[in-house]
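# Secondary and tertiary structure notes
Now for the letters of each chain:
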Amino acid sequence: MKMLLLVTIGMLSITISSCARSNTASINPIAQATPTKPIVTELINKTSWIDSIHSQSWRWMYGKYTTNYTDGSRSFSFKTSLKCSKDSALNALVSFASIPIFNALATPDSLIYVNKKDRCYGKQPIASFKELLGVELSMKNIQELFLGFPLGYKDSAMYTSEFNALGDSTTMSGILDGGKPIEYRYGSSVKSPRLAWQRLISPEDSTEVLVQYDQWVKHGLMDVPSLIHVSIKTKEQNIHVMLTYDKFELNSPQEIYIQIPDDYAPCK
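This write-up is about the structure you can find in this document. Remember, it's a predicted structure, so these values are computed and weren't measured experimentally.

Calculation rules
Chains are numbered independently. Their residues run from 1 in the order of the written sequence. In keeping with the predicted nature of the model, local features appear solely for residues at pLDDT of at least 70, side-chain atom pairs appear and are counted solely at 80 or more, and the whole-chain, interface and lining totals rest on all residues. In computing side-chain properties, one takes all heavy atoms of the structure into account and sets aside hydrogens as well as water. Criterion for a salt bridge: a side-chain nitrogen of Lys or Arg within 4 Å of a carboxyl oxygen of Asp or Glu. Numbering goes from the N terminus for both helices and strands, where a helix is a DSSP run of H or I of at least four residues and a strand is a run of E of at least two. Only protein chains enter the accessibility calculation, which uses a 1.4 Å probe; a residue whose area is less than 20% of its type maximum is buried, one above 50% is exposed, and one in between is partly exposed. Stacked, tilted and edge-to-face are the three classes applied to pairs of Phe, Tyr and Trp rings, where Trp contributes its six-membered ring and a pair requires centres within 6.5 Å; stacked means planes under 30 degrees apart, edge-to-face means over 60, and tilted covers the rest. A ring is considered to have a charge above it if a Lys NZ or an Arg CZ atom is located within 6 Å of its centre and within 35 degrees of its normal. Any two residues whose heavy atoms approach within 4.5 Å at even a single point are treated as in contact.

Taken as a whole and judged by the stated rule, the model has 9 salt bridges. Here Asp246 and Lys79 are joined by a salt bridge, their closest N and O atoms 3.2 Å apart. With a gap of 167 residues between them, Asp246 in strand β17 (residues 238–250) and Lys79 in strand β5 (residues 75–85) connect regions that are remote in the sequence. Classification of Asp246 as partly exposed rests on a relative accessible area of 43%. Residue class for Lys79 comes out partly exposed when judged on its relative accessible area of 40%.

Spelled out as structure tokens, the structure:
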């Protein structure tokens, strides 16, 4: 049970410790230009390409994903179903061989989970998983991940914009300090109003998270990622997760709840 819980939460909560708590920002030092790819830099405010991505309007989300997980010592696949209500609740159901075995309900301050295999349940404050996983579990950040929104982006902060002289790609970066400095970098082609990738780095924890969006599908006025690669590098191990979308609905009201059978006991 513990291994499944860690894998599921670790896959969903890919934000680094304290990143969801920051309210101040400082500018990230600019990388030096290379001879083959000249870099032009400037300071920009929220009236940028990334702000238009961050401010897209949505209310409900439902998605089914084929999830492939590997960490160097083990590799396996499972199905993940996700229901979200913006800023309110998130429900994740994990199934192996079409059999539901793990269900979780996240709210802004708590996580309730049901282990169907061992017929048990548990409830924890969201903050408690910071020490367990070394990452901050944020419901909002999970929603941002699956919608292709910039993780941890603060539209009131100043960022550094870097783009090559050919004008075909651009990168924004900033360091948010919420107890630990976290570097955020967002990359995109200037020809596309979508994120190509985003990277979060915590030098103090020697932790780096890279999210790559390889394919997209149009839903109404929004582009939604249909193939997501997540790489997490820590001192202990490297984790790779690939999420391939099988079904997706946007802004269709979802019934979000979790049911605990009467004969289930607390998980040990």
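After that view, the rundown keeps rolling.
Under the criterion given, the structure shown has 12 aromatic pairs. Plain terms: the ring middles of Phe78 and Phe96 are 5.6 Å apart, the flat faces sit at 45 degrees to each other, and that makes the pair tilted. Taken together, the positions of Phe78 in strand β5 and Phe96 in strand β6 (residues 89–96) put the pair 18 residues apart, joining distant regions of the chain. The structure contains a cluster of three or more aromatic residues connected by ring pairs, namely Tyr69, Phe76, Phe78 and Phe96. Sitting over the face of the ring of Trp60, Arg59 holds its NZ or CZ atom 4.8 Å from the ring centroid. The side chain of Arg199 reaches across the aromatic face of Trp197, ending 5.9 Å from its centre.

With that settled, consider the environment of Glu204. Structurally, the position occupied by Glu204 is in the loop between β14 (197–202) and β15 (207–219). Residues Glu204 and Pro181, spaced 23 residues apart in sequence, show a C-alpha to C-alpha distance of 7.8 Å. Residues within four places of Glu204 in sequence aside, it is in contact with Lys180 and Pro181.

With that settled, consider unusual backbone geometry. In the Ramachandran plot, Asp87 falls in the positive-phi region, its phi being about 60 degrees despite a non-glycine side chain. Of note, Ser206 is a non-glycine position whose phi angle comes to about 55 degrees, a positive value. Within the secondary structure, Ser206 is located in the loop between β14 and β15. Among the residues examined, Ser206 registers a relative accessible area of 39% and is labelled partly exposed.

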